[in-house]
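# Structural characterization, general
Each chain is listed here by its residues.
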Amino acid sequence: PILSKYAFYSLIIMMTLALLPVTLSSCKDLKIKKREISFTIITLYLFTPLLQWILCKLLIKDSALFYGTFFASLCPIAIVAPQFTKQHAGNAQLSTITLIISLVLFPFISLFYLSRLTDHAIAIQLKPLFIDMLIVTFLPILIATLINYIIPSAKEKIKIFALGMM
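This is a predicted model, so every value here is computed, not measured.

Here we come to the overall build of the protein chain. Assigned secondary structure in the protein chain consists of eight helices and zero strands. Tracing the protein chain from N to C terminus, the helices and strands come up as α-α-α-α-α-α-α-α. Residue burial in the protein chain is summarised as follows: out of 166 residues, 34% are buried. Summarising the internal contacts of the protein chain: among those between residues at least 6 apart in sequence, 76% fall at separations of at least 24.

This part takes up the nonpolar core. Core analysis: the largest hydrophobic core is formed by 34 residues, its most contacted members being Met15, Phe66, Phe70 and Phe106. Looking at this core, the elements that each hand over two or more residues are α1 (5–19), α3 (34–59), α4 (63–72), α6 (92–117) and α7 (126–150). Top element by residues in this core is α6. It accounts for seven residues. Ignoring sequence-local partners within four residues, the contact set of Phe70 consists of Pro49, Gln52, Trp53, Cys56, Tyr113, Leu114 and Leu117.

Turning our eyes to something else, we now look at the environment of Ala162. Relative to the helices and strands, Ala162 is located in helix α8 (residues 155–165). For Ala162, a relative accessible area of 10% corresponds to the buried category. The spacing of Ala162 and Met14 is 148 residues in sequence and 8.5 Å in space, taken between C-alpha atoms. Among residues more than four places away in sequence, those in contact with Ala162 are Ile13 and Leu17.

Moving on, we get to a nonpolar patch on the surface. Together, Ile131, Ile135, Leu139, Leu142, Leu146, Tyr149, Ile150 and Ile151 make up an exposed nonpolar region whose accessible area comes to about 710 Å². Residue placement: Leu139 occurs in helix α7. Looking at Leu139, the relative accessible area reads 34%, which means it is partly exposed.

This part is about the packing of aromatic side chains. Across all of its chains, the model carries five aromatic pairs by this definition. Plain terms: the ring middles of Phe70 and Tyr113 are 5.9 Å apart, the flat faces sit at 85° to each other, and that makes the pair edge-to-face. Taken as a pair, Phe70 in helix α4 and Tyr113 in helix α6 lie far apart in primary sequence, 43 residues in all. What makes Phe70 buried here is its relative accessible area of 1%. Looking at Tyr113, the relative accessible area reads 8%, which means it is buried. Relative to Tyr113, the ring of Phe112 lies with its centre 5.9 Å away and its plane at 65°, an arrangement referred to as edge-to-face. Phe112 gets classed as partly exposed once you look at its relative accessible area, which sits at 44%.

Turning our eyes to something else, we now look at α3. The first and last C-alpha atoms of α3 sit 36 Å apart over 26 residues, in line with the 38 Å expected at 1.5 Å per residue. The largest bend in α3 is about 40°, located at Thr43. Of all the positions in α3, only Ile37, Ile41, Leu44, Tyr45, Pro49, Trp53 and Cys56 are classed as buried.

Once that is clear, we can look at the confidence of the model for the protein chain. A residue-level look at the protein chain finds 86% of positions with pLDDT of 70 or above and a mean pLDDT of 78. Ranking the helices and strands of the protein chain by mean pLDDT puts α3 first, with 88, and helix α2 (residues 24–28) last, with 64.

On to unusual backbone geometry. At Ala89, a residue that is not glycine, the phi angle is positive and equals roughly 60°. With respect to the helices, strands and loops of the structure, Ala89 is situated in the loop between α5 (81–87) and α6.

The end-to-end C-alpha distance of α1 is 21 Å, a good match for the 21 Å that 15 residues give at a rise of 1.5 Å each. All buried positions along α1 are accounted for by Phe8, Ile12, Ile13, Met15, Thr16, Leu17, Ala18 and Leu19.

What counts, and where the lines are drawn
Residues numbered from 1 in each chain as written. Predicted model: local features only at pLDDT ≥ 70, side-chain atom pairs only at ≥ 80, totals over all residues. Heavy atoms only, no water. Helix = DSSP H or I, 4+ residues; strand = E, 2+ residues; numbered from the N terminus. Buried < 20%, exposed > 50% of the residue type's maximum accessible area, 1.4 Å probe, protein only. Contact = heavy atoms within 4.5 Å. Core = buried A, V, L, I, M, F, W, Y, C linked by side-chain atoms within 4.5 Å. Patch = residues over 30% accessible without salt bridge, like charges linked within 9 Å, V, L, I, M, F, W, Y side chains within 5 Å. Areas by Shrake-Rupley, 256 points an atom, 1.4 Å probe, with all protein chains shown as cover. Salt bridge = Lys/Arg side-chain N within 4 Å of Asp/Glu carboxyl O. Phe/Tyr/Trp six-rings, centres within 6.5 Å; stacked < 30°, edge-to-face > 60°. Expected span 1.5 Å × (residues − 1). Bend = angle between axes of the 7 residues up to and from the residue. pLDDT = per-residue confidence, 0-100.

Next up, the structure:
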């Protein structure tokens, strides 16, 4: 795997904790939020990378640093975004859905940009990248959904236990 096993487990735990407040019924309300979700994804994967590309072209001469910096601009939304959004009285469900969409799109968008904008071949191990992203995305969704529907009263205890494990 691309990530160490401890980082991998930590990401799964953090994603699961971020998804616990989100239920399928609360996501139905997000149908009307298509404009906000679209704007966020377009900003994340079109405007930000293009601005980063321009800045990198102007400021960075070393090609490895240039492509590394550009690749970093393609990363998904931070896993802690829903928690911070909730803490500041924002829409945690909208933030979580946007996070999930960005995680799912990341491997495809990254490969697209890197194949179109690089002037030489870059060796990327695709299979581990896709497997890790799928596990980090869909396993926490499954775990959080099961917790929400099977033992919703235990959410707080599970949060404390999960944070203690990290």
